[in-house]
Amino acid sequence: MQFLDRLDYVFWIPLVLWVPLFFWFMRCSYPLFFKKMVKKGKKWAYMPEKFGKNSPRMAIYRLLNVLFSLVVSLSSSVGVVWALNKWTQVPAVYGFASAIAFLVLAMVLYRLAVGKVAVIFQSAYFLEYRRAHYESDSKGKMQSEADIHNRAIWSFTKNLRHAESHGRLWKYVNAMAKTKKIPPDILAGVY
């Protein structure tokens, strides 16, 4: 019980670990989610080259997701054990049952993080799609929707690979997602 008495000063540290866990999910383990989206046929889901076919990194990142989630959940449950010991008559050992709730919280945090990344990549892709549509309309070539879609996918992937090779993938995707230079719709005034 001396260990629990020393926790008075470090009670809040496990709660701070949730912020790096969120950024880990957002910046490092999003390809796990994007791999599922590619299998579902989502065109905006870009897989970085280091996570190519049969890459062992996917298994490593999946393992690190579980490991980091367990560490943060268990360290947060130690805080619950300390609170139970300090303020209630409930045996402190029951506080470790809260690790299950913290693991569920980690899964929700993962979903929020990859959802945010998905929105960023979708916004960047649809900017490229609108640009391809605008180029087709402004040149007077009325292409089919499938041709414009294929052109947008090709251009989007090419631009992201180029940005990735120069180490600025996230900077480029964020700039595309937040841009205000959206190409106008040529046919908007006609109908």
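It should be emphasised that the depicted structure is a prediction, and the values quoted were computed from it without experimental measurement. (Residues numbered from 1 in each chain as written. Predicted model: local features only at pLDDT ≥ 70, side-chain atom pairs only at ≥ 80, totals over all residues. Heavy atoms only, no water.)

Chemist: Got a sec to walk through the packing of aromatic side chains? Specific residues and values, please.
Modeler: What the rule picks out here adds up to 16 aromatic pairs. Aromatic pair F22 and F23: ring centres 5.6 Å apart, planes at 75°, arrangement edge-to-face. Note on F23: relative accessible area 44%, which makes it partly exposed. The ring centre of W170 lies 4.2 Å from the NZ or CZ of R27, which sits over that ring. (Phe/Tyr/Trp six-rings, centres within 6.5 Å; stacked < 30°, edge-to-face > 60°. Buried < 20%, exposed > 50% of the residue type's maximum accessible area, 1.4 Å probe, protein only. Lys NZ or Arg CZ within 6 Å of the ring centre and 35° of its normal.)

Chemist: Go over the pattern of salt bridges with me, naming the residues and quoting the values.
Modeler: Within the structure shown, the criterion is met by three salt bridges. Here R161 makes a salt bridge to E49, at a shortest N to O gap of 3.6 Å. Placement of the pair is R161 in helix 7 (residues 145-165) and E49 in the loop between helix 4 (30-39) and helix 5 (56-87), with a sequence separation of 112 residues. Across the pair R131 and E135 runs a salt bridge, and its minimum N-O distance is 2.3 Å. (Salt bridge = Lys/Arg side-chain N within 4 Å of Asp/Glu carboxyl O. Helix = DSSP H or I, 4+ residues; strand = E, 2+ residues; numbered from the N terminus.)

Chemist: Which residues make up the packing of helix 3 (residues 18-27) against helix 6 (residues 98-138), and what values go with them?
Modeler: In the contact formed by helix 3 and helix 6, the axes pass within 8 Å of each other and the chain directions differ by 45°. By the criterion of interaxial angle, the relationship of helix 3 to helix 6 is oblique. Of the two possible hands of crossing, helix 3 and helix 6 adopt the one that is right-handed. Taken together, the residues of helix 6 that come into contact with helix 3 (itself represented by W18, L21, F22, F25 and M26) are F102, L105, A106, L109, Y110, L112, A113, V114, K116, V117 and I120. (Axes fitted to C-alpha atoms, helices over the stretch in contact; angles between N-to-C directions. Parallel < 35°, antiparallel > 145°, perpendicular 65-115°, else oblique. Left-handed = near helix turned anticlockwise from the far one by under 90°. Contact = heavy atoms within 4.5 Å.)

Chemist: Give a description of the nonpolar core that names residues and reports values.
Modeler: Across soluble globular proteins, nonpolar side chains show a tendency to be buried alongside one another. Core analysis: the largest hydrophobic core is formed by 42 residues, its most contacted members being Y30, F34, W44 and F121. Of all elements in the fold, only helix 3, helix 4, helix 5, helix 6, helix 7 and helix 8 (169-178) reach the threshold of two or more residues within this core. With 15 residues, the single largest contributor to this core is helix 6. Excluding residues within four positions of it along the chain, Y30 makes contact with F25, Y46, P48, V114, V117, F121, L169 and W170. (Core = buried A, V, L, I, M, F, W, Y, C linked by side-chain atoms within 4.5 Å.)

Chemist: So what's going on with the environment of Y129? Residues and values would help.
Modeler: When you line up the elements, Y129 lands in helix 6. Judged by its relative accessible area of 16%, Y129 is buried. Residue contacts for Y129: discarding those within four places in its chain leaves E145, I148, H149 and A152.

Chemist: Outline the packing of helix 3 against helix 5, listing residues and values.
Modeler: Where helix 3 meets helix 5, the closest approach of the two axes is 10 Å, and the angle between their N-to-C directions is 165°. With respect to each other, helix 3 and helix 5 are oriented roughly antiparallel. Where helix 3 crosses over helix 5, the two elements pack in a sense that is left-handed. Residue-level inspection shows W18, L21, W24 and F25 of helix 3 in contact with helix 5, the latter providing Y61, L64, N65, F68, S69, V72, S73 and S76.

The analysis is restricted to geometry; functional conclusions fall outside its scope.
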